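# Descriptive analysis of the structure
Next come the chains, spelled out residue by residue.
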Amino acid sequence: MSNGEYDAEPRQQPMPQKYASEVILVGNRLRDLREDADLNQTQVAQIPGMSQTGYSKYKTGENDIPTQVLIKLANYYKTSIDYILGVSNDRFPYQT
């Protein structure tokens, strides 16, 4: 392209395999926590005060999950951020 023209539609690079597997893990964890609580995505999106569309983008990896949203979800589900992100497999680390 010339004369200062640019491609209006950015080309997305393929997701690196390692990152793709992490997104799948986080998405699966979010889905499992939501289903175990008998909630739909719209109901879960209300926890951090956002739209269902915005929440669904976390599950697909389209958007990264902000720290404050992770904290709210972890508190709601009584689990750890480490569990949600796949760093730990201990779903209920704080139970006594």
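Further up the page is the structure itself.
Definitions and cut-offs
- Residue numbers run consecutively from 1 along every chain, following the written order of its sequence.
- Per-residue local features are limited, in this predicted model, to residues with pLDDT of at least 70; the limit for side-chain atom pairs, both in listing and counting, is 80 or more; totals at the level of whole chains, interfaces and linings are taken over all residues.
- By convention in this description, side-chain values take in all heavy atoms of the structure and omit both hydrogens and water.
- Throughout, nonpolar core names a set of buried Ala, Val, Leu, Ile, Met, Phe, Trp, Tyr and Cys residues whose side chains join them through atoms within 4.5 Å.
- Here the term buried applies to any residue with accessible area under 20% of the maximum for its type, exposed to any over 50%, and partly exposed to those in between, with areas from a 1.4 Å probe on protein chains only.
- The secondary structure listing takes helices from DSSP runs of H or I that are at least 4 residues long and strands from runs of E that are at least 2 residues long, numbered from the N terminus.
- By definition in these notes, contact holds between two residues if any of their heavy atoms fall within 4.5 Å.
- One speaks of a salt bridge when a side-chain nitrogen belonging to Lys or Arg is within 4 Å of a carboxyl oxygen belonging to Asp or Glu.
- Think of the arc as the fan of directions from the helix axis to the C-beta atoms.

Moving on: the nonpolar core. Core analysis: the largest hydrophobic core is formed by 16 residues, its most contacted members being L30, Y55, I65, L73 and I84. Those elements that place two or more of their residues in this core are α1 (17-36), α2 (41-46), α3 (52-60), α4 (67-77) and α5 (81-85). The element best represented in this core is α4, accounting for five residues. Apart from residues lying up to four places away in sequence, L73 is in contact with L30, V44, I47, P48, Y55 and I84.

Attention now goes to the pattern of salt bridges. A side chain of one charge can pair with a side chain of the opposite charge when the charged atoms of the two come close. Summed over all chains, the structure comprises three salt bridges. A salt bridge links D32 to R31; the shortest N-O distance between them is 3.1 Å. Take D32: its relative accessible area is 28%, and that puts it in the partly exposed class. Overall, the relative accessible area of 27% leaves R31 in the partly exposed class.

Another aspect to go through is α4. Residues of α4 that are buried include every one of V69, L70, L73, A74 and Y77, and no others. Each buried residue of α4 lies within a common arc of 130 degrees when the element is viewed along its axis, so the set occupies one face. Residues of α4 that are exposed and point more than 90 degrees away from the buried face comprise T67, Q68 and N75. Two residues or fewer past α4, K78 is found with a positive phi of approximately 55 degrees.

In this structure, D38 takes a positive phi of about 55 degrees despite not being glycine. With respect to the helices and strands, the residue D38 is situated in the loop between α1 and α2. For D38, a relative accessible area of 69% gives the class exposed. Here the phi dihedral of K78 falls at roughly 55 degrees; this positive angle occurs in a residue that is not glycine. Summarising the element assignment, K78 is placed in the loop between α4 and α5. Assessed through its relative accessible area of 63%, K78 is described here as exposed.

By the element assignment, T53 lies in helix α3. Once the C-alpha coordinates of T53 and T42 are considered, the two residues, 11 residues apart in sequence, prove to be 8.4 Å apart.

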